[in-house]
Amino acid sequence: MGESSQSVTVVALLADPDAPTEVAQRIARDLPARLADRFGQERRFDVKVVSEPFSAGTEDLATLTHRILDRRRTEDWDIVVALTDLPLHSRGRKLVVDLGHEHGLALLSLPSLGGLRLYRRARRAVEEVVLSLAGAQAAEAEGAHRRSLDDFTRGLASVHRAPVGDEEAADLRYVVGGPRGYLRMLAGMVRANRPWRLIPGLSKALAAALATGAVATVNSTVWSVAAALSTPRLVIATVGSIALMIGWLIVDAHLWHRTAEHSPEAKKRAALYNASTVLTVGIGVVVCYVGLLVINLLWALFVLNGQVFASVTRTPLRASEYWALAWFVASVATVGGALGSGLESDEAIRAAAYSKREQERRRMLDNDED
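Residues numbered from 1 in each chain as written. Predicted model: local features only at pLDDT ≥ 70, side-chain atom pairs only at ≥ 80, totals over all residues. Heavy atoms only, no water.

An unreviewed UniProt entry lists the protein chain under the name Integral membrane protein, from Streptomyces neyagawaensis.

Here's what the structure looks like:
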């Protein structure tokens, strides 16, 4: 069968900027070939990526669906699949994907796919969604059975179908629930926030921590304290300094979300958002702590003198003493970094701790509360 006799289906991946666009661009590379292989060689798929902030200013599911539908009407797209890194909700449940076969549209919430193997799961989800939407027309014409996403969602714990209102553009909806679904959504939200970006975003705090560590390493009183500390106490110092840093960043930059609503659903959403904030900031702080530990250890190996150390602490300078000193100094430096984080602007910390969509969502909620 020649290419001219093939039916061409135009598929648009409408993606929010930042991470969703990157995922969509990766998916689009081999999606046409994968779709053609599974659907049949009688149809060719033309896939394009459109990066637009379609979720800006709202997380209301009905509003987003109508935006996608209006955008589709302005183009020659046969199918539009929208990808966002916002955690979306439907009647108190966390949305995985919405499909509207009559309109050829779908909305996929990436955090619901989890934090691990995101690209593979997103590619599989988009592939199944497009096949379902593309097959709907053939099913209507030939009386064939419409394809569902049950095979795909069966591989994701706690995902199941949910009812859709008659007035909605969607006709098939999958949501996630249960503890495993909650944890997967939480991991997806943390990944969307990209916690590793917190490190360069805290330049002033890190500078304060490095300065504190450099001074503490050559302080004889710190030598004596570090030599006298047992491993459990060093662990307590580590946990305490990291918790202090996390708490200070969240409080000082006003990262904690408080909802004005008193419904159980609103409280659950607020708890989910705050849990993602704590984990995002926590991962960034732990990475900073490990970096401080390594730098302090190298600095100690370079500057310490064994005879001077032994005369002060009455303990020979061995590998265990180097390690204990670097460990304790890292905790002290982390406290210094917490104080130094006060020099950072709230906007700088928010920009480092949250994805662009999450920053917009929180600004919108703050404005609503005001």
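Participant: Can you lay out the overall build of the protein chain for me, pointing to particular residues and giving the numbers?
Facilitator: When its secondary structure is counted, the protein chain shows 14 helices and 8 strands. Every one of the 370 residues in the protein chain was classed for burial, and the buried ones make up 51%. For the protein chain, the proportion of contacts with a sequence separation of at least 24, taken over those separated by at least 6, is 77%. (Helix = DSSP H or I, 4+ residues; strand = E, 2+ residues; numbered from the N terminus. Buried < 20%, exposed > 50% of the residue type's maximum accessible area, 1.4 Å probe, protein only. Contact = heavy atoms within 4.5 Å.)

Participant: Can you explain the nonpolar core? Please cite residues and give values.
Facilitator: Core analysis: the largest hydrophobic core is formed by 43 residues, its most contacted members being Leu 13, Val 81, Leu 113 and Val 126. In terms of residue count, the dominant contributor to this core is helix H3 (residues 118–142) (10 residues). Every residue in contact with Val 126, bar those within four places of it in the chain, is listed here: Leu 13, Ile 27, Leu 31, Val 81, Leu 83 and Leu 108. Within the second largest apolar cluster, 32 residues are counted, among which are Leu 198, Tyr 289, Leu 293 and Ala 326. (Core = buried A, V, L, I, M, F, W, Y, C linked by side-chain atoms within 4.5 Å.)

Participant: Give a description of the pattern of salt bridges that names residues and reports values.
Facilitator: Throughout the structure, instances matching the rule amount to 11 salt bridges. Across the pair Arg 38 and Glu 128 runs a salt bridge whose closest N-O atoms are separated by 2.9 Å. One end of the pair, Arg 38, is in helix H1 (residues 19–39); the other, Glu 128, is in helix H3, with 90 residues separating them in the sequence. Given a relative accessible area of 39%, Arg 38 falls into the partly exposed group. A salt bridge links Glu 128 to Arg 124, with the shortest nitrogen-to-oxygen separation between them at 3.5 Å. Taken together, the residues Glu 128 and Arg 124, both in helix H3 and 4 residues apart, mark about one turn of the helix. Given a relative accessible area of 3%, Glu 128 falls into the buried group. (Salt bridge = Lys/Arg side-chain N within 4 Å of Asp/Glu carboxyl O.)

Participant: Outline the packing of helix H5 (residues 178–193) against helix H10 (residues 264–303), listing residues and values.
Facilitator: For the pair H5 and H10, interaxial distance at closest approach is 9 Å and the crossing angle is 50 degrees. With respect to their mutual orientation, H5 and H10 come out oblique. Crossing hand, H5 versus H10: right-handed. Of H10, the residues touching H5 (which contributes Tyr 182, Met 185, Leu 186, Met 189, Val 190 and Asn 193) are Ala 271, Leu 272, Tyr 273, Ala 275, Ser 276, Leu 279, Thr 280 and Ile 283. Classifying every residue of the contact of H5 with H10 by side-chain character gives 11 nonpolar, 3 polar and no charged. (Axes fitted to C-alpha atoms, helices over the stretch in contact; angles between N-to-C directions. Parallel < 35°, antiparallel > 145°, perpendicular 65-115°, else oblique. Left-handed = near helix turned anticlockwise from the far one by under 90°. Nonpolar A, V, L, I, M, F, W, Y, C, P; charged D, E, K, R; others polar.)

Participant: Before we move on, could you go through the UniProt feature "transmembrane region" (unreviewed entry) in the protein chain and cite the residues and values that matter?
Facilitator: UniProt's entry tags residues 205–228, 234–251, 272–302 and 322–340 with the feature "transmembrane region" (unreviewed entry), counted in the numbering of this structure. The span residues 205–228 is 92% helical and 0% strand by assignment, and the distance between its end C-alpha atoms comes to 28 Å. Between the C-alpha atoms that bound residues 322–340 there is a distance of 26 Å. The span itself is 100% helix and 0% strand. (UniProt positions renumbered as here; feature names shortened; annotations may be inferred.)

Participant: Explain the packing of helix H8 (residues 220–228) against helix H12 (residues 319–340) residue by residue, including any values.
Facilitator: Two numbers describe how H8 lies on H12: the axes approach to 9 Å, and their chain directions differ by 110 degrees. In this view, H8 runs roughly perpendicular relative to H12, as classed from their interaxial angle. Only Ala 324, Leu 325, Phe 328 and Val 329 of H12 make contact with H8, whose side of the interface consists of Val 222, Trp 223, Val 225 and Ala 226. Considered class by class, the residues forming the contact of H8 with H12 number 8 nonpolar, no polar and no charged.

Participant: Give a description of the packing of aromatic side chains that names residues and reports values.
Facilitator: Evaluation of the coordinates by the stated rule reveals 3 aromatic pairs. Ring centres 5.5 Å apart and planes at 45 degrees place the aromatic pair Trp 223 and Phe 309 in the tilted group. Taken as a pair, Trp 223 in helix H8 and Phe 309 in helix H11 (residues 306–313) lie far apart in primary sequence, 86 residues in all. Under the relative-accessibility criterion, Phe 309 is labelled buried at 1%. The residue whose ring lies beneath Arg 26 is Tyr 119, and the NZ or CZ to ring-centre distance is 3.8 Å. (Phe/Tyr/Trp six-rings, centres within 6.5 Å; stacked < 30°, edge-to-face > 60°. Lys NZ or Arg CZ within 6 Å of the ring centre and 35° of its normal.)

Participant: Describe a nonpolar patch on the surface, naming the residues involved and giving the relevant values.
Facilitator: A contiguous nonpolar patch, built from Val 286, Val 290, Val 294, Leu 298 and Leu 301 and spanning about 430 Å² of accessible area, is present on the exposed surface. In this structure, Val 294 sits in helix H10. (Patch = residues over 30% accessible without salt bridge, like charges linked within 9 Å, V, L, I, M, F, W, Y side chains within 5 Å. Areas by Shrake-Rupley, 256 points an atom, 1.4 Å probe, with all protein chains shown as cover.)

Participant: Tell me about H12, residues and numbers included.
Facilitator: The end-to-end C-alpha separation of H12 is 31 Å, in line with the 32 Å expected for 22 residues at 1.5 Å each. Among the 22 residues of H12, 16 are classified as buried, and the element is accordingly described as predominantly covered. (Expected span 1.5 Å × (residues − 1).)

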